[in-house]
Amino acid sequence: MMKISTTLLSRAAALSLNRSTKLSSYFPNHHIHNQHLLPNNLVGPISCFWAHHSTTSANADGNLDKSPLPANLRQELMPRHVAIIMDGNGRWAAKRGHGPEVGHDAGVIAFIEVMGLCARWGIPVATFFVFSSENWRRTKAEVDFIMWRFQKMLEDELQNFIRQGIRIFTIGDTSLLPISLQEVLEHTKEATKHNTKTQVIFAVSYSGKNDIVQACQTFSKKVRNGVMEPNEVTENVIEKELETKVTSIPSPDLLIRTSGELRISNFLLWQLAYSEFYFCQTFWPDFGESQFIEALQCFQKRGRRFGKRI
Amino acid sequence: MTSHIKFQVKQLIRISYDFLLRCIFHILSVGPIPTHIAFIMDGNRRYARKNNIGLKDRYRPGFLALMSRVKHCYELGVKYITIFAFSLDNLRRQPEEIQRLMELLREKIEVFLENDGFIKKYGVRLYFVGNLTVLGEDIHAAANRLMEETANNTTTYLLVCVGYTSTYEMVHAFEESIHLGKENRIIELEDIEKQMYMSIAPKPDILIRSSGETRLSNFLLWQTEFSLLYCPSALWPELGLWHMVWALLNYQRHYAYFQKKMKN
């Protein structure tokens, strides 16, 4: 009786929850252009019949110059670095009666779209939490599918990255990834290294804590070898040694997490010290241009003080 | 006669309210109760401006709100409470504002040292966490005395973060663990965690920031990797029991899903 009361109380309370209460739409806002064949070893246990291939966010005449911002966004208040936790693929698929692989597949489409928007709107850096160190605990079938789908996306979208001026970086322990994916990632990074419009960082097999620990290990070796003194290890020095040193703007201004989860989940722990957080109820496959604009509008209204008074 | 009836009515309302609260606490205690709640007490200045409170008394409503939070956490069965009292970033504020804050801190430490009724009632053990040299010698000494005097209490643990930022805490932990590295041992995550100021408490289950701002402001970055974040728009002195109940309901609602995710 008490358990039922608690459940009823919490469900009733959930009806008017957060500041941003975007309900996820039942149908994805994507167009099906082609059906892709799954690799043979993944056909059996997986029923993924929504293999999307979307054209890029480039417009029809191929003009890839920076697009003007939507009217309700101000250029001078745009974040310089956006970090995104792409959460909710599994629950999106479960709501439709499918396995998580369908959700991941639809999530890739949203991923490509948002990367394209970052390039179009000239956001200098965007970091995407593709796969966390905790995600290795998922079933082998799901992990294999995610790796395969991510690799496929990289192969399919490489020319679009180049056209959109996107330069790709990775952070995380990529040595744990399948060899073929590691090779494709290296090739993608190499092929896009001359692009200058937007830096897109894939956090793959990434842990914010391990990032900090590896920096500490680097400094402990330097101290042991007499190259530096312990008191030379300052906050700035550590920040420059974190994996986000690949970019000149390592700290996100804005973190977006979809699907209603209100946590950081071991993502960029150090770098998120002063970031604004935006949590929305939308599941990741349903996150598109209008949701991104809403997140950016919300960011632009905030007053950032960094601990002091303005 | 009329005033006697009014008094009786007030008593009745109070008794009914207390009874209702106890019922709610009993219902909540059926589900999981967080072990540790952390608070960022934001919005004191805006509250003072809204209610025409001068600089001298700006932080007093916030202190009263803190005492209420400790009381509610005690009644709900939450063992650890951490508050972000003074950040190293706050040193960039106006000197007179910093001074007012320090004076309030000194006053309240002395009150607790002289009259420990509140501390005894809720069995509070106090910790001051961070770079305590920012307090000045005398407040630092008083804080140390208060920590010693409450060292035997075990019901509620109140961690007051003063002179604290998470990145400073991590640098401090690195320096301590770097000394370990000199013995040719490779530093691991556990070595760093042991040297953290906050290693005296488990990780926060919920982090509550008042005033509607949704950011951590360099507070408990390491410890809140999996904490539930709750950012009500109420200013800190306006935060009440119902916000605590709401935070707890949210926590319970996410708990089962979160446990399942962690196991998988």
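Keep in mind it's a predicted model, so treat the numbers as computed, not measured. (Residues numbered from 1 in each chain as written. Chains lettered and ligands numbered in written order. Predicted model: local features only at pLDDT ≥ 70, side-chain atom pairs only at ≥ 80, totals over all residues. Heavy atoms only, no water.)

A. Quick peek at the overall build of chain B. Summing up its helical and strand segments, chain B has nine helices and six strands in all. Here the C-alpha radius of gyration of chain B, 20 Å, is about what a compact globule of 264 residues would show, namely 18 Å. Residue burial in chain B is summarised as follows: out of 264 residues, 55% are buried. For chain B, the proportion of contacts with a sequence separation of at least 24, taken over those separated by at least 6, is 76%. Summed over its atoms, the accessible surface of chain B is roughly 12500 Å², and 53% of this surface lies on carbon and sulfur atoms. Charge-centre separation for chain B: the mean point of 33 positive side chains lies 10 Å from the mean point of 28 negative side chains. (Helix = DSSP H or I, 4+ residues; strand = E, 2+ residues; numbered from the N terminus. Rg over C-alpha atoms; globule rule 2.2 N^0.38 Å. Buried < 20%, exposed > 50% of the residue type's maximum accessible area, 1.4 Å probe, protein only. Contact = heavy atoms within 4.5 Å. Areas by Shrake-Rupley, 256 points an atom, 1.4 Å probe, with all protein chains shown as cover. Lys, Arg positive; Asp, Glu negative; His and termini not counted. Charge placed at Lys NZ, Arg CZ, Asp CG, Glu CD.)

B. Region of the structure containing the pattern of salt bridges. As enumerated under the stated definition, the model contains 34 salt bridges over all chains in all. One salt bridge connects glutamate 186 of chain A with lysine 189 of chain A, and the closest N-O pair in it is separated by 3.2 Å. Of this pair, glutamate 186 of chain A and lysine 189 of chain A both sit in helix 6 (residues 179-191), three residues apart, which is roughly one turn of that helix. Owing to a relative accessible area of 46%, glutamate 186 of chain A belongs among the partly exposed residues under this scheme. Ionic pairing is found between lysine 50 of chain B and glutamate 238 of chain B, a salt bridge with its closest N-O pair at 2.6 Å. In this pair, lysine 50 of chain B sits in helix 2 (residues 44-50) while glutamate 238 of chain B sits in the loop between strand 6 (228-230) and helix 9 (241-263), placing the two residues 188 residues apart along the sequence. What emerges from the salt-bridge pattern is a single network uniting Glu276 and Arg302 of chain A together with Asp42, Arg46, Arg209, Glu213 and Arg215 of chain B. (Salt bridge = Lys/Arg side-chain N within 4 Å of Asp/Glu carboxyl O.)

C. Examining the sheet that holds strand 5 (residues 254-257) of chain A more closely. All names here are of chain A. Judged by pairing direction, the sheet is parallel, and its six strands sit side by side in the order 3-4-2-1-5-6 without closing on themselves. Both edges of this open sheet fall to strand 3 (166-171) and strand 6 (276-279), since each of them pairs with a single strand only. Between one strand axis and the next, the sheet turns through 20° on average, direction left out of account. Relative to strand 4 (residues 198-206), strand 2 (residues 125-132) runs parallel, the two sharing seven bridges. Its bridge partner being in strand 4, valine 125 is matched across the sheet by glutamine 199. Helix 6 contacts strand 3 and strand 4 of the sheet and is inclined by roughly 140° relative to strand 3. (Pairing = 2+ DSSP bridges. Axes fitted to C-alpha atoms, helices over the stretch in contact; angles between N-to-C directions.)

D. Structural detail: the nonpolar core. Grouped together as the largest cluster of nonpolar side chains are 117 residues, with contacts concentrated most on Phe267 of chain A together with Phe39 and Phe128 of chain B. Formed by 48 residues, the second largest nonpolar core is a distinct cluster that contains Met86, Ile112, Phe128 and Ile146 of chain A. (Core = buried A, V, L, I, M, F, W, Y, C linked by side-chain atoms within 4.5 Å.)

E. Seen up close, helix 3 (residues 60-76) of chain B. Residue and element names in this part refer to chain B. In this model helix 3 runs 24 Å from its N-terminal to its C-terminal C-alpha over 17 residues, within 8% of the 24 Å that 1.5 Å per residue would give. Restricting attention to buried positions, one finds in helix 3 the residues Pro61, Gly62, Phe63, Ala65, Leu66, Met67, Arg69, Val70, His72, Cys73 and Leu76. Phi turns positive one or two residues past the end of helix 3, at glycine 77, with a value near 90°. (Expected span 1.5 Å × (residues − 1).)

F. Representation of the interface of chain A and chain B within the structure. In this complex, chain A contributes 57 residues to the contact, which on the side of chain B involves 60 residues. Summing the contributions of chain A and of chain B, the shared interface buries around 5300 Å²; its carbon and sulfur component is 61%. The interface formed by chain A and chain B contains three salt bridges. Across the pair glutamate 193 of chain B and lysine 209 of chain A runs a salt bridge, and its minimum N-O distance is 3.0 Å. (Buried area = accessible area lost by both parts, 1.4 Å probe.)

G. Structural context of the state of the cysteines. Counted according to the given criterion, the structure contains zero disulfides over all chains. Between cysteine 73 of chain B, a free cysteine, and cysteine 161 of chain B, which holds the nearest cysteine sulfur, the sulfur-to-sulfur gap is 15 Å. (Disulfide = S-S within 2.5 Å.)

H. Focus on a nonpolar patch on the surface. Residues Ile5, Val9 and Ile13 of chain B make up a contiguous nonpolar surface patch of roughly 270 Å² in combined accessible area. Checked against the element boundaries, valine 9 of chain B lands in helix 1 (residues 2-28). (Patch = residues over 30% accessible without salt bridge, like charges linked within 9 Å, V, L, I, M, F, W, Y side chains within 5 Å.)

I. Quick look at the pairing of strand 2 (residues 80-87) of chain B. Residues and elements named next belong to chain B. Within strand 2, seven of the eight residues are buried, which leaves it mostly tucked inside the rest of the structure. Bridge analysis of strand 2 against strand 4 (residues 156-164) gives seven bridges, and the strand direction is parallel. By the bridge assignment, isoleucine 81 is partnered in strand 4 with leucine 158.

J. Looking closely at empty space enclosed by the protein. All names here are of chain B. Here the structure, examined in full by the defined rule, presents five cavities of 30 Å³ or more. Looking at the largest cavity, it is lined by 41 residues, and the ones nearest its centre are Met41, Phe84, Ala85, Phe86 and Leu101. If you list the elements that add at least two residues to the lining of the largest cavity, you get helix 2, helix 3, strand 2, helix 4 (95-114), strand 3 (124-129) and strand 4. It is helix 4 that contributes the most residues to the lining of the largest cavity, seven residues altogether. Looking at the lining of the largest cavity, its residues break down into 25 nonpolar, seven polar and nine charged. (1 Å grid on protein atoms, 1.4 Å probe; cavity = no way out; pocket = protein on both sides within 12 Å on 5 of 7 lines; lining within 4 Å. Points joined across faces, edges and corners; volume = space filled by probe spheres on them. Nonpolar A, V, L, I, M, F, W, Y, C, P; charged D, E, K, R; others polar.)

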